[in-house]
Amino acid sequence: MVAQPQSATKQAAVKVVVALGLVLVTQALFALCLISAQQLLVPRNMPFGVVGKPSEITAEVAAKEGLALASYPNAAAVTAAAEQGRLYGAFMTGAKVDTLVVVPAKSFFAQTELEPAFLATAHKLGRPVTVKTVAPLPSRDPTGAVTSLLLLPLLIGGYLAAVLVYKAAHGVAAAPWRGLILIGYALVGALLTDVIVGFGIGAYSSSRFWPLLPCFWLITSAVALASAAVQAVMGKLGTLLVAVFFIVIGGAGAGGPGTYLLPVYWRNIGVALPPQNAITLVNHVIYFGGNDITTPIVVLLLYAAAGVAVIGWYGRIRPHRDAETTAVPAGRRRRAVIGMLAALGICAVMQCLFATTYMSSGHAPMATNLPFGQVGTSPVLTAAERDISLAVTAYPNEAAAKSAIDHAQIYGALISSGSAQTLLVVPSMSDLAPLDLTVRFEDAALRTGHTLTVKPYAPVPLAKKDPFGLVQALMLVPLLIGGYMSSTLLMSATGRAAGHWRAAQLAGFAIAGGLLVDLIVCYWLRGFPSGKFWIVWPICSLIIAAVAFVAAVLQKLLGPAGTLVTVVAMILVGNPSSGGASGVPYLPAFWRDIGPYLPPRNAYILLHHSIYFDGHGTSQALINLLIYLGAAGIVLIVLDRRRSEAAVPTDATEAAAMAVPIGAVP
């Protein structure tokens, strides 16, 4: 074997360092944007209506919760505003009884924050309050997750269509026909998404099929055309910039749980980008009869129109572009057309997969065999089991039940002692289970004539900037992305899917990437207790390394297609089956059963339980990740020694841009 010149070796090393540095920057940006936007979902200047004379209840809650109060002349006016989606709630002062208006379809999280606050304050001040629900959420979407989940296929479908057509057309970003192709694909993608989510999964009423179709078309077209325009101006660098602004930054500021729950700066950033406007448009069409959608339609149309204008300028008005287009030989033109059709076919498949996997796993979380503890006997438990599926374990006393919680074995417990009924809920175990259990058991206690006391209990309290326990689920995204992007960009930098030092390079990146994410989330964003910093670092590095090694093996066997297979396994199948912040019992059966065999669920359990349950219940997750890492590492070394491969000509910017969006999921 002829040794490479020293200059060539140095140049190759520089390419590797630059490629991995780009991944580190992307990973850090993901962690910073996603977590800073969603870790602390609390009302911030939230529009809230008031009717009647000034109320001490409203004043006290507004000061604590961050409400922007707006006066209405009567109940009819404030109810109409709520029905049109302009308010997150309202309070009407009466002569003897006050009325709290809640609007679950506007924001499920806002309702869970505001309703207890108003009822507790009213109870303290001795005022009776009734609760009136406007725009309730249906059983097919009990937490209002459908709108956010719809954003994934629409946003990513539009972006990938622009990227793949650009690539298939050999970089002719602004050919005059490109806009028409993207608009045509947007209609096909919108129709596929509407059919899958509406008729197939039933995530929203079939009566919304036709009103939503033009909305989906507009959203996908706006993203695709704007992406094409930026590519026309800036080339391959434009592809990466669009991914950053539309997917990373725009996705973080989308405000799916409610735009007025976002930090103010994220709300202000998001209002100028397609994702937040898409969320508002879809939400108001599904739940508010299409009211108050002028602004999002105008913004999305402006993006689409600007895209068409730029594509038209570069494709028809500039003479040299016309000359370049007409000069393309017939054979090359035919190959480009075939390549574009194939690219759009891949894009359609990816869009359908995003619509299917995330929506089917998360649109209607319902507990099945939720692990639950019982101390003593009580008719309240029997009554509650009519409404929620529990896997009940009896414990001799409260200390034993709390020990089971400490070991992450149960999601709550009912402690019965004579006439006293105490429900223990575990906010650090699940963001949804405490509320679910509280509602079911309070209803059961009311039906059986018992008094119930609800007490939160957690071995390690949630961080102040993570009151809903969302951070670990959000952290998982940049860790998974860092894994497969590091392998992908190494393949791009070296021109080959593997090399003799590939395993060492990926391991080194995993150590650095894990440290970077840990520093950002722990010390910058304060997303978990600082005392857990040193245990979280090796866990983050293990997750990155396991995914990177798997990706490297698949890329060695399949070439660049191995990246796509990795994404399908880790992001499209693995991430929806992780259980996330809600917990595995809230997944449908298929996703519950497949999750233990894939890295994302094991990664989440290892990360989450190490932070909030002192590492209890993590043995199986740790073993599974080590098996993935060890097996993939051995296979990679063997393949490097025994297999030769052709060069893989992939541009680093292009590889980064392709890898970014398909991991940008909450």
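Enquirer: Run through the overall build of the chain, naming residues and quoting values.
Expert: For the chain, the count of helices and strands is 24 helices and ten strands. Computed over the C-alpha atoms, the radius of gyration of the chain is 26 Å, within 12% of the 26 Å expected from 2.2 N^0.38 for a compact globule of 666 residues. With the C-alpha coordinates of the chain rotated into their principal frame, the extents come out at 85 × 55 × 40 Å. Buried residues in the chain amount to 55% of all 666 residues.

Enquirer: Tell me about the pairing of strand S2 (residues 67-72), and please be specific about residues and values.
Expert: Sheet faces and side chains relate simply in a regular strand, where the side chains alternate between the two faces. Of the pairings in the sheet, the one linking strand S1 (residues 46-51) to S2 comprises six bridges and is parallel in character. Following the sheet pairing, Val51 is matched in S2 by Tyr72. Note on the crossover from S1 through helix H2 (residues 56-65) to S2: the handedness is right-handed.

Enquirer: So what's going on with unusual backbone geometry? Residues and values would help.
Expert: Even without being a glycine, Ala135 presents a positive backbone phi close to 55°. Looking at the secondary structure, you find Ala135 in the loop between strand S5 (129-133) and helix H5 (146-168). For Arg526, which is not glycine, the phi torsion reads 55° and is therefore positive.

Enquirer: Please give an account of the pattern of salt bridges that cites residues and values.
Expert: All told, the structure shown has seven salt bridges when counted by the stated rule. The partner of Asp98 in a salt bridge is Arg127, and the shortest N-O contact between them spans 2.6 Å. You can see Asp98 sitting in strand S4 (residues 98-102) and its partner Arg127 sitting in the loop between helix H4 (108-125) and S5, a full 29 residues away along the chain. We note a salt bridge from Lys532 to Asp614, for which the minimum N-O separation is 2.8 Å. Separated by 82 residues along the polypeptide, Lys532 in the loop between helix H18 (502-524) and helix H19 (533-558) and Asp614 in the loop between helix H22 (599-612) and helix H23 (619-642) bring together distant segments of the chain. A relative accessible area of 15% places Lys532 in the buried class. One salt-bridge network, in which partners are shared between bridges, spans Glu60, Lys64 and Lys124.

Enquirer: With reference to specific residues and values, describe the sheet that holds strand S10 (residues 452-456).
Expert: Spatial ordering of the open sheet is given by S7-S6-S8-S9-S10, a layout of five strands whose pairing is mixed. Each edge of the open sheet is held by one strand with a lone partner, namely strand S7 (390-394) and S10. With strand direction ignored, the average angle separating the axes of adjacent strands in the sheet is 25°. Here strand S8 (residues 412-417) pairs with strand S9 (residues 420-425) via six bridges, running antiparallel. In the strand pairing of S9, Ser417 is matched with Ala420. Docked against the sheet, helix H15 (residues 398-406) engages strand S6 (370-375), S8 and S9, running at close to 175° with respect to S8.

Enquirer: How would you summarise the sheet that holds S2 if you had to cite specific residues and measurements?
Expert: With mixed pairing, five strands are arranged side by side in an open sheet as S2-S1-S3-S4-S5. The open sheet has two free edges, formed respectively by S2 and S5, since each of these has just one partner strand. Strand-to-strand twist in this sheet, taken as the mean axis angle between neighbours without regard to direction, amounts to 25°. Bridge count between S4 and S5: five bridges; the pairing is parallel. Residue pairing for S5: Asp98 is matched across the bridge by Val129.

Enquirer: Before we move on, could you go through the side chain of Thr488 and cite the residues and values that matter?
Expert: Mapped onto the elements of the fold, Thr488 is located in helix H17 (residues 471-494). A polar side-chain atom of Thr488 sits 3.2 Å from a polar atom in the side chain of Thr563.

Enquirer: Give me the packing of aromatic side chains: which residues, what numbers.
Expert: The full count for this structure, using the stated rule, is 15 aromatic pairs. Between the aromatic rings of Tyr265 and Trp266, the centroid separation amounts to 5.9 Å while the plane-to-plane angle is 40°, which identifies the pairing as tilted. The class for Tyr265 is partly exposed, based on a relative accessible area of 46%. Grouping aromatic residues by their ring pairs yields a cluster made of Tyr523, Phe533, Trp534 and Trp537.

Enquirer: Got a sec to walk through helix H3 (residues 75-83)? Specific residues and values, please.
Expert: Residues of H3 that are buried: Val78, Thr79, Ala81 and Ala82. All buried residues of H3 lie within an arc of 160° about the axis, which places them on one face of the element. The secondary structure elements touched by the buried residues of H3 are S1, S2, strand S3 (89-92), S4 and S5. One side-chain oxygen at the N-terminal end of H3 lies 3.3 Å from the backbone nitrogen of Ala76; it belongs to Asn74. At the exit of H3 stands Gly85, carrying a positive phi of roughly 80°.

Enquirer: Describe the nonpolar core, with residues and values.
Expert: Phe118, Leu150, Leu437, Phe441 and Met475 are the most contacted members of the largest nonpolar core, which totals 212 residues. Per-element tally for this core: the top contributor is H19, with 17 residues. Leave out the neighbours within four places in its chain, and Phe441 touches Phe372, Val380, Leu381, Ala384, Leu390, Leu414, Leu423 and Leu452.

Enquirer: I'd like to hear about a nonpolar patch on the surface, residue by residue, with values.
Expert: A grouping of Leu191, Val195 and Phe199 is seen on the molecular surface, where their side chains present a nonpolar patch of about 260 Å² in accessible area. As for its position among the elements, Val195 is in helix H6 (residues 178-201). The exposure class assigned to Val195 is partly exposed, which follows from its relative accessible area of 37%.

Enquirer: I'd like a rundown of the packing of H18 against H19, residues and numbers included.
Expert: A pair of packed helices is captured by two measures, namely the crossing angle of their axes and the spacing between those axes. Interaxial distance between H18 and H19 falls to 7 Å at its minimum, and their mutual angle equals 140°. In terms of orientation, H18 and H19 fall into the oblique class. Between H18 and H19 lies a crossing whose hand is right-handed. Across the contact of H18 with H19, the residue classes tally to 19 nonpolar, three polar and one charged.

Enquirer: Quick one: what's the story with the side chain of Thr121, residue by residue and with numbers?
Expert: Its location among the elements puts Thr121 in helix H4. By relative accessible area, which is 7% here, Thr121 ends up buried. Only 2.8 Å separates the side chain of Thr121 from the backbone oxygen of Ala117, close enough to count as a polar contact. Those residues within four positions of Thr121 in sequence are excluded, and the remaining contacts are Ile57, Glu60 and Val61.

The rules behind each value
Residues numbered from 1 in each chain as written. Predicted model: local features only at pLDDT ≥ 70, side-chain atom pairs only at ≥ 80, totals over all residues. Heavy atoms only, no water. Helix = DSSP H or I, 4+ residues; strand = E, 2+ residues; numbered from the N terminus. Rg over C-alpha atoms; globule rule 2.2 N^0.38 Å. Buried < 20%, exposed > 50% of the residue type's maximum accessible area, 1.4 Å probe, protein only. Pairing = 2+ DSSP bridges. Right-handed = clockwise from strand over helix to strand, strands pointing away. Salt bridge = Lys/Arg side-chain N within 4 Å of Asp/Glu carboxyl O. Axes fitted to C-alpha atoms, helices over the stretch in contact; angles between N-to-C directions. Contact = heavy atoms within 4.5 Å. Polar contact = N/O pair within 3.5 Å; in protein donor to acceptor, adjacent residues only side chain to side chain. Phe/Tyr/Trp six-rings, centres within 6.5 Å; stacked < 30°, edge-to-face > 60°. Arc of directions from axis to C-beta. Core = buried A, V, L, I, M, F, W, Y, C linked by side-chain atoms within 4.5 Å. Patch = residues over 30% accessible without salt bridge, like charges linked within 9 Å, V, L, I, M, F, W, Y side chains within 5 Å. Areas by Shrake-Rupley, 256 points an atom, 1.4 Å probe, with all protein chains shown as cover. Parallel < 35°, antiparallel > 145°, perpendicular 65-115°, else oblique. Left-handed = near helix turned anticlockwise from the far one by under 90°. Nonpolar A, V, L, I, M, F, W, Y, C, P; charged D, E, K, R; others polar.

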